[in-house]
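This is what each chain is made of:
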Amino acid sequence: MDFRLTAEQAAFQREVADFIESGLPARWDQGFDSVAEQMEVEREVMKRLASRRWLALPWPEEFGGLGATPMQQLVFNELMAYYRVPGLINMGVAWVGPVVMLYGTDTQKRDYLSRIADGSDIWCTLYSEPGAGSDLAAMQTRAIRDGDDYVINGQKIWTSFGHYADWGWLAARTDPDAPKHRGISTFAIKMDTPGITIRPLVNMAGTHEFNEIFFEDVRIPAANLVGEENRGWYHVAVGLDFERSSIGATSTARRSIDDLVAHIRSLPHSLSPVVRHRVADHAVSVQVLRNMCYNIASMQGSGIVPTREAQMAKLFGAELAQRVAVTSLQVFSMEGQAARAGSPAHHNQYPFLRTVANTVEGGTSEVQRSVIATRGLGLPRE
Ligand SMILES: Cc1cc2nc3c(=O)[nH]c(=O)nc-3n(C[C@H](O)[C@H](O)[C@H](O)COP(=O)(O)OP(=O)(O)OC[C@H]3O[C@@H](n4cnc5c(N)ncnc54)[C@H](O)[C@@H]3O)c2cc1C
C-alpha cells in the first residue's frame, strides 16, 4: 500500500492541526485535578468538534457527520491522539450510532443520532457483568416485557463514564430459556430512570472512570428496544466491529516516545545503553503499529473487513503501551511519580498505572490471542 496522503487528505490534516492550535477551549491542555473537571472540558471539546461535524466524522451527512473515509478518520484520530486532545472515547459515535443506523426505527434514529452528533448526549456501554466479561453471552441481567414497557433487573460492572452518561446502551437477557447467544436484546436506557443505582469503582490510578450499576425494577418503554428482540447478541457483535483501528494507541505511544527522547536529550548525564536500546526498540514498535493501522484503514477503504488485522493491532498496541509506560516511568523516575494530572511529567505516572487496563478493556490479550490463533490463523482449538 501507499502510505503517502493524497493532497485532499493532507489538506484535511492541516485543517485538523489548525483546529488543535487555535480552536480548542482555553484549559484543554492545562491538566485536570479530577475526572469531573476533565469531563467538563471534554463536553466543551465535543461541542466544538460537533460544530464542524467532526464529532461524528464517519457518519453520513444526514445523521450529522461528514461521511469521512477510513483514511480521513485515521488522519483525524492520529493528530487528536498525538496532542492528547480530551474527549476521544465516544461510545455513542463509535458503536451506538452505527448500530442504531443499521437496526433502529426511524424514531430512534431521529431521537438518538442527532443528539450524539451534536455533542448533547453522552452514552455509556452496559455489557459486562460480574459473571460475564470475556464470556459476555453469559450475562444474567433480565429485561421482561410488561405491557408497553420492559422491566430491567440485574447488575452491570466496569461501566466507563456511567456516572456522566445521559444514556446507556444496554444488553440484557430477554429469553432465559434460549441458548445463551440467542436470548439477548439491546436497549437504549436513560441513565436517570428510577431504579438505577450507580456506584463508583476507583481504579488503581486513583481515578473514578468506571462504575458498577444496579437495576431494580427499572421500567423503560418497549419502544427503547433497538433492533429485533433476542437478536441483541448480533447487534453487539456488529457494534464491536466498529471498534477498529488502533491509531489512537499508536499516536499516544509515539507522543510518549517523543517526550521521552526530548527529556533524555535534556539530561546533563547520559543513560545506560540498556535504556537507549529499549527506547529504540519502542520507537521501532510504534512505527510497526502505525503501519498496521494504515493497512487497516486502507483495507477498510477498499471495502474489506480487517477482522484479524484489527485484533492484531489491538493486542500489539495495548502491550506496547504498557512497555512504553514502564520505560518512561523508569526514566522520569521520582519526577514522573509526583506530577499533577495532565502535566508533562504526569504523562508517565498515570499511563504506568492506567495502561495495565489496556490489555483487559475491549477484550483481554489472552482472548485476543485465542481469536487470532483460531479464527485468524485457522489453528485447531484444543
Ligand atoms: C478500563 C476498563 C473499562 C471498561 N469499560 C467497560 C464498559 O464501558 N462497559 C462494559 O460493559 N465493560 C467494560 N469493561 C469490561 C471489559 O470488557 C472486561 O473487563 C473484559 O471483557 C474482561 O472481562 P472480565 O473483567 O470479566 O475478566 P474475565 O473474563 O473474568 O477474565 C479473567 C482472566 O481470565 C482470562 N480468560 C477468560 N476467558 C478466557 C479464555 N477463553 N481463554 C483464555 N483466557 C481467558 C482473561 O484473559 C483474564 O486474564 C471495561 C474494562 C476495563 C478494564
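Remember, it's a predicted structure, so these values are computed and weren't measured experimentally.

Further remarks concern the packing of aromatic side chains. Summed over all chains, the structure comprises nine aromatic pairs. For the pair Tyr82 and Tyr83, a centre-to-centre distance of 5.2 Å together with 80° between the ring planes defines the contact as edge-to-face. Over the face of the ring belonging to Trp54 we find Arg52, whose NZ or CZ atom lies 4.9 Å from the ring centre. Geometry around Tyr82 places Arg255 over its ring, the cationic atom sitting 5.3 Å from the centre.

Positionally, His235 belongs in helix H6 (residues 232-241). On the accessibility criterion, His235 (4% relative accessible area) is buried. Engagement of the side chain of His235 in a polar contact is seen with the side chain of Thr186, the distance being 3.1 Å. With sequence-adjacent residues up to four places away left out, His235 is seen in contact with Val99, Tyr103, Thr186, Val226, Gly227 and Glu228.

Let us look at the pattern of salt bridges. If the charged atoms of two oppositely charged side chains come close together, the side chains can form a pair. Evaluation of the coordinates by the stated rule reveals 17 salt bridges. One salt bridge connects Arg369 with Glu319, and the closest N-O pair in it is separated by 2.9 Å. Of the two residues, Arg369 sits in helix H11 (residues 365-376) while Glu319 sits in helix H9 (residues 307-338), which places them 50 residues apart along the sequence. A residue is classified by how much of its surface remains accessible, and Arg369, at 44% relative accessible area, is partly exposed. Between Arg354 and Glu361 there is a salt bridge, with the nearest N and O atoms lying 3.0 Å from each other.

A few words now on H11. Every buried residue belonging to H11 is among Ser365, Gln368, Val371, Ile372 and Thr374, and all of these are buried. Backbone geometry just downstream of H11 places Gly378 in the positive-phi region, at approximately 75°.

Examined at the domain level, the chain breaks down into domain 1 (7-88), domain 2 (123-229) and domain 3 (244-376). Computed over C-alpha atoms only, the centres of domain 2 and domain 3 are separated by 31 Å. Contacts between the two partners involve six residues from domain 2, matched on the other side by six residues from domain 3. Carbon and sulfur atoms supply 63% of the area that domain 2 and domain 3 bury against each other, a total of about 500 Å² over both sides. Linking domain 2 to domain 3 there are one salt bridge. In this structure, the salt-bridge partner of Arg354 is Glu209, at a minimum N-O distance of 2.9 Å. Grouping the constituent residues of the side of domain 2 that touches domain 3 by class yields two nonpolar, three polar and one charged.

Calculation notes
Residues numbered from 1 in each chain as written. Predicted model: local features only at pLDDT ≥ 70, side-chain atom pairs only at ≥ 80, totals over all residues. Heavy atoms only, no water. Phe/Tyr/Trp six-rings, centres within 6.5 Å; stacked < 30°, edge-to-face > 60°. Lys NZ or Arg CZ within 6 Å of the ring centre and 35° of its normal. Helix = DSSP H or I, 4+ residues; strand = E, 2+ residues; numbered from the N terminus. Buried < 20%, exposed > 50% of the residue type's maximum accessible area, 1.4 Å probe, protein only. Polar contact = N/O pair within 3.5 Å; in protein donor to acceptor, adjacent residues only side chain to side chain. Contact = heavy atoms within 4.5 Å. Salt bridge = Lys/Arg side-chain N within 4 Å of Asp/Glu carboxyl O. Domains from an automatic or database assignment. Buried area = accessible area lost by both parts, 1.4 Å probe. Nonpolar A, V, L, I, M, F, W, Y, C, P; charged D, E, K, R; others polar.

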